[in-house]
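So the chains spell out like this:
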Amino acid sequence: MAFGIKRKELTAWKERVSRGEIAYLTHFWIDPRFPGVKSVTKVGCADLERLEEWCRAHGLNPRYIHRRELFPHFDLLGEKQKEILQLEGLTDHIRRFHL
């Protein structure tokens, strides 16, 4: 279950993804498969080659990309989520979602 984002943020993320940009969307998230995880960052890009390259550059396996037709994305969770948000200078995500 996702919560803690505004429609405007989701729309902006979808637009950036559709243009082939690397786009970040963090939101609160609860899933019983991941106890203790309270948020997820979706890193999206319609250009799959670019998204795969992004994964490899961050030591992530592109095999785990959610290959959705319109909005392909990679889900970042836990320590790796915080690490990459810091590397990308997205400290507002870290503060807002208490990472």
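From a predicted model like this one, the values you see are computed outputs, not experimental measurements.

Take helix α3 (residues 78–87) next. Turning to α3, its buried residues are Q81, I84 and L85. Here the buried residues of α3 occupy an arc of 100 degrees about the axis, which is enough to place them on one side. For α3, exposure combined with an orientation more than 90 degrees from the buried face picks out E79 and L87. Considering only its buried residues, α3 is in contact with β2 (23–29), β3 (39–44), α2 (48–57), β4 (73–76) and α4 (91–96).

Before going further, it helps to examine the pattern of salt bridges. Counted according to the given criterion, the structure contains seven salt bridges. E9 serves as the salt-bridge partner of R96, at 2.4 Å between the closest nitrogen and oxygen. Linking R96 in helix α4 with E9 in helix α1 (residues 7–18), this pair joins segments that are 87 residues apart in sequence. A residue is classified by how much of its surface remains accessible, and R96, at 35% relative accessible area, is partly exposed. In this structure, the salt-bridge partner of E21 is R19, at a minimum N-O distance of 2.7 Å. Looking at E21, the relative accessible area reads 24%, which means it is partly exposed.

All right, on to the nonpolar core then. Membership of the largest hydrophobic core comes to 15 residues, with the highest contact counts inside it found for I22, Y24, V43, L51, W54, L60 and L76. Breaking this core down by element, the ones donating at least two residues are α2, β4 and α3. If one sorts the elements of this core by residue count, α2 sits on top with three residues. Among all residues touching W54, those that are not within four sequence positions of it are I22, Y24, V43, L60, L76, I84 and E88.

This part is about the pairing of β2. The element β2 is extensively covered by neighbouring structure, given that six of its seven residues are classed as buried. As paired elements, β2 and β3 share six bridges and run antiparallel to each other. Looking at the pairing, L25 lines up with K42 of β3.

According to the stated counting rule, one finds five aromatic pairs in the structure shown. Seen in terms of ring centroids, Y24 and W54 are 6.2 Å apart; in terms of plane orientation they differ by 70 degrees. Their pairing is edge-to-face. Pair noted here: Y24 is in strand β2 and W54 is in helix α2, with a separation of 30 residues, a long-range link. Each of the two residues, Y24 as well as W54, counts as buried. Both rings, one in W54 and one in F74, keep their centres 6.4 Å apart while their planes meet at 55 degrees; by these two values the pair is tilted. Of this pair, W54 sits in helix α2 while F74 sits in strand β4, placing them 20 residues apart in sequence. Residue classification places F74 among the buried residues on the basis of a relative accessible area of 7%.

What counts and what doesn't
Residues numbered from 1 in each chain as written. Predicted model: local features only at pLDDT ≥ 70, side-chain atom pairs only at ≥ 80, totals over all residues. Heavy atoms only, no water. Buried < 20%, exposed > 50% of the residue type's maximum accessible area, 1.4 Å probe, protein only. Helix = DSSP H or I, 4+ residues; strand = E, 2+ residues; numbered from the N terminus. Arc of directions from axis to C-beta. Contact = heavy atoms within 4.5 Å. Salt bridge = Lys/Arg side-chain N within 4 Å of Asp/Glu carboxyl O. Core = buried A, V, L, I, M, F, W, Y, C linked by side-chain atoms within 4.5 Å. Pairing = 2+ DSSP bridges. Phe/Tyr/Trp six-rings, centres within 6.5 Å; stacked < 30°, edge-to-face > 60°.

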